[in-house]
Amino acid sequence: MTRSARALLDEIQRELAPRDDDNLLVPSITAGRAPRAVFAALAAEEKRITLSDWRSFHALAARADEPHARTFFGGLAPGEQQANGMLDALIAAAGPDHGEERPRAGCQAYPAYVAWLALNGESSATAAGIYANFAAFGRYCKDVAAGMREHYGFADDACAFFDFFAADVPEIEEQALAAIQAGLDARRLDEREAHLCARLFQSYELQFWNTLAAEFRG
């Protein structure tokens, strides 16, 4: 009997869970210790990332030859474009990024990997890797938005980017599961590749946050 997409995702997320707390920046923000300048850097880096991921998700959708995978990646692309626009309010509120390295290689490794997958990744394994990290990223964004309001006095429009990614969207989960299940049913999904993809996504995600944590020590 074919394995279920839910079982595979649960297994991957259990594997990732011990490292989810390796994010050094988010606790600093939630405690109000991070300097306000970190938000200018976050906005500047995410502005580049969302534009890159928007292109990459379109490319993934165009290259996928399985309908569920096309739906999943095609559905992610508009969210990146919407999130990109939401950053304008944070940029206006936080001011320019005065970091020494702009953009930061440690922050831009994540979208570079997404772009690599757009050319080289098998669709269903890529979908598993991307979605496996969504829960952790959503928690990070929820905590950042709370810290921004409590300790830094940011208005709702400046927090909108993080609120957007903190929101639970069942439709995306359904689309991800359908794409993964299609790969399993067709025996095209290599589970080792799905695990590897998810671990790399987690590593690049943590590298993004921890690059900024090292620069903006609170």
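Reading the values: rules and limits
- Residues numbered from 1 in each chain as written.
- Predicted model: local features only at pLDDT ≥ 70, side-chain atom pairs only at ≥ 80, totals over all residues.
- Heavy atoms only, no water.
- Core = buried A, V, L, I, M, F, W, Y, C linked by side-chain atoms within 4.5 Å.
- Buried < 20%, exposed > 50% of the residue type's maximum accessible area, 1.4 Å probe, protein only.
- Helix = DSSP H or I, 4+ residues; strand = E, 2+ residues; numbered from the N terminus.
- Contact = heavy atoms within 4.5 Å.
- Phe/Tyr/Trp six-rings, centres within 6.5 Å; stacked < 30°, edge-to-face > 60°.

Looking at an unreviewed UniProt entry, the chain carries the name Transcriptional regulator, with the source organism given as Amycolatopsis mongoliensis.

Trainee: Explain the nonpolar core to me, using residue names and the numbers behind them.
Mentor: With 36 residues, the main nonpolar core has Phe 39, Leu 90, Phe 162, Trp 209 and Leu 212 as its most contacted residues. Counting only elements with at least two residues in this core, the list comes to α2 (25–30), α3 (37–63), α4 (67–94), α7 (134–151), α8 (156–166) and α10 (191–215). When near neighbours in sequence (up to four residues on either side) are disregarded, Phe 39 contacts Ile 29, Leu 90, Ala 94, Val 144, Met 148, Tyr 152 and Phe 154. Among the nonpolar cores identified, the runner-up in size contains 35 residues, and Leu 16, Phe 57, Phe 72 and Ala 176 belong to it.

Trainee: An account of the packing of aromatic side chains is needed here, citing residue identities and associated values.
Mentor: The tally for this structure, following the rule as stated, stands at 14 aromatic pairs. When the centroid spacing of 5.1 Å and the interplanar angle of 65 degrees are considered together, the rings of Tyr 113 and Phe 201 count as edge-to-face. Pair noted here: Tyr 113 is in helix α5 (residues 105–120) and Phe 201 is in helix α10, with a separation of 88 residues, a long-range link. In this structure Tyr 113 comes out as buried when scored by relative accessible area, which is 10%.

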